[in-house]
Amino acid sequence: MRLRRVGIGAAVLALTLGAAACGSSSKTADSSNSSSTSSSSSSSVESSSSSAPDSSAMGSSGMGSSAMSSSAVDSASSGSSAGGDTSGSSGATDATAVTVPAGGKSIKSIKIGFAQRTANAPYYVAMQKKAEELASTAGFSLLFQSANGDPVTQIDQVNTLISQGVDVLIVNAVSAGTEKPQMTAAAGKKPLLFIDTSIPDVGFTTVQSDNEKIGHDSGMLMAKRIGTGKSVKVAILNGGPTDVDVGPARRNGFLSGLKDGGVTADIVGDTEADYAQDKAVQATEDMLTANPGIDVIFGYNDAMALGALSVLKTKNNTHALVAGVDGQKEALAAISSGGCTGQYVSTGLNSPSLATVAAVQAAIDVATGTKKTTDFAKTSYTTAARINCDNVAKYYDPKSVF
């Protein structure tokens, strides 16, 4: 069997089993040379958005939780690196390519639909760019839709993608609580897999981060900074009432990480900021007004934590410490510039590149007929890593999309 390996901005690499020839893979984490488009292009990519942009300009949600498996992506395993322990390998750098089997349906004849929850957040933009890059290089058609945070719009877009004859649907669900009946119906018409945010018991597989684990990783590093035996007042920036899986898992992980690190947490504030940096600014100001002695601010994502950091700087508050989740490059820059005495202490890696490559790989395998939907485990986690001042240089890439 002949295989083609397709990587970031790389030419197609032919590999023949049993032969000695081998090629190079591509460079680093979530950086991308591709630009996103809003219309059909010569790279077999069609992107569109059918509603006004939402306000989550710096937002990012993770995924719902379910049991660990080892299918489409690297399974997390314990390890350590330069003072910030990692889980699995070095993160996004080890999953920059898809492998396209020559057998089965031609890659150039398949059509993959991608229904994204929003296109106005760096995390999701990085997913779109990666998917477009893979489509351009591998040669399949990608139909991309953004729901801009509206579940009704997303259902309409999924139905449109089905009517356009996609072979497989990749969906980042807007609302697990309200979309289940319609997504179940869609999954009965076309093979459907979830990326980032899933709907329980729908679809043939889900590619996601282990949200509780990456929250725990961030909490453990915060506890290390605070010191065993200490008690702290904690304020939380949450994802809002529809965030029933992702945020709570990250919250539980972070708080258990503090506890496991010997730190006692007293939650004195818990305010909705919807994964958006701008909303986190006002929420942080409100919590500091009510509780000026806050020691730690935890955002369910780095975008909200960055909003909190900006408020602390504006108020010349050098006491409170900040932590988030996702590994957003601006957060990594803040950790790097602050060093081991800075206010942005920790984050946990949630790579959009890793997730997109794994989801697209699964879609290709099913669309070409080289794998059945029953061949996939229900859930796969992307590689996780805990990041602080000790190892941030390993993950920070200023050219990264995310």
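For every chain, the first residue of its written sequence is number 1, and the numbers climb from 1 along that sequence. Reporting of local features is limited, given that this is a predicted model, to residues whose pLDDT is at least 70; pairs of side-chain atoms are given and counted only at 80 or more, and all residues count toward the totals for whole chains, interfaces and linings. To obtain the side-chain values, all non-hydrogen atoms of the structure were included, while hydrogens and water were left out.

Another aspect to go through is the packing of helix H6 (residues 277-290) against helix H7 (residues 302-314). Axis lines are fitted to C-alpha atoms, over the contacting stretch for helices. Their N-to-C directions set the angle, which ranges from 0 to 180 degrees. Elements are defined by DSSP. Helices are runs of H or I of four residues or more, strands are runs of E of two residues or more, and each kind is numbered from the N terminus. Across the interface, H6 lies against H7 with an axial gap of 7 Å and an inter-helix angle of 50°. Classed by the angle they form, the pair H6 and H7 counts as oblique. H6 and H7 meet at a crossing whose hand is right-handed. Seen from H6, the contacting residues are Gln-277, Ala-280, Val-281, Thr-284, Glu-285 and Leu-288; seen from H7, they are Ala-303, Met-304, Leu-306, Gly-307, Ala-308, Ser-310, Val-311 and Leu-312. For this classification, the nonpolar set comprises Ala, Val, Leu, Ile, Met, Phe, Trp, Tyr, Cys and Pro, the charged set comprises Asp, Glu, Lys and Arg, and every other residue, Gly included, is treated as polar. Counted by class, the contact of H6 with H7 contains nine nonpolar, four polar and one charged residues. Comment on the angle field: the value is read as roughly parallel under 35 degrees, roughly antiparallel over 145, roughly perpendicular from 65 to 115, and oblique elsewhere. Less than a right angle of anticlockwise turn of the near helix away from the far helix marks a crossing as left-handed, whereas a clockwise turn marks it as right-handed. The criterion used for residue contact is that any of the two residues' heavy atoms lie within 4.5 Å.

A separate point is the packing of aromatic side chains. Only rings of Phe, Tyr and Trp enter the pairing, Trp through its six-membered ring, and a pair is recorded when the two centres are within 6.5 Å. The plane angle decides the type: under 30 degrees is stacked, over 60 is edge-to-face, the rest tilted. Applying the stated criterion across every chain, the model contains seven aromatic pairs. Measuring from ring centre to ring centre gives 5.2 Å for Phe-114 and Phe-144, while their planes differ by 45°; the resulting arrangement is tilted. A residue pair is termed long-range when its members are at least 10 positions apart, and Phe-114 in strand S6 (residues 111-116) and Phe-144 in strand S7 (residues 141-146) qualify at 30 residues. The buried label goes to any residue with under 20% of its type's maximum accessible area, the exposed label to any with over 50%, and the partly exposed label to all in between, with areas taken from a 1.4 Å probe on protein chains only. For Phe-114, a relative accessible area of 1% puts it in the buried group. Residues Tyr-123 and Tyr-124 carry aromatic rings whose centres are separated by 5.5 Å and whose planes lie at 90° to one another, so their mutual orientation is edge-to-face. Owing to a relative accessible area of 0%, Tyr-123 belongs among the buried residues under this scheme. You can call Tyr-124 buried: its relative accessible area is 3%. By the ring-pair criterion, three or more aromatic residues cluster together here, those being Phe-254, Tyr-275, Phe-298 and Tyr-300.

Here Gln-145 shows up in strand S7. Polar contact is defined as a pair of N or O atoms within 3.5 Å, subject to the rule that within protein one atom must be able to donate a hydrogen and the other to accept it, and that residues adjacent in sequence are counted only when both atoms are side-chain atoms. Here Gln-157 takes part through its side chain, which lies 3.4 Å from a polar atom of the side chain of Gln-145.

Going residue by residue along strand S8 (residues 168-171), you find Val-168 and Ile-170 tucked away on one face and Leu-169 and Val-171 tucked away on the opposite face as well. Should DSSP find at least two bridges between two strands, the strands are regarded as paired. Relative to S8, S6 runs parallel, the two being bridged by four bridges. Each bridged residue has a counterpart across the sheet, and for Ala-115 the counterpart in S8 is Val-171. As paired elements, S8 and strand S9 (residues 192-195) share three bridges and run parallel to each other. Bridge assignment links Leu-169 to a residue of S9, and that residue is Leu-192. Running through helix H3 (residues 180-187), the crossover from S8 to the neighbouring parallel element S9 is right-handed. A crossover gets the label right-handed when its path from the first strand over the helix to the second runs clockwise, viewed with the strands pointing away from the viewer.

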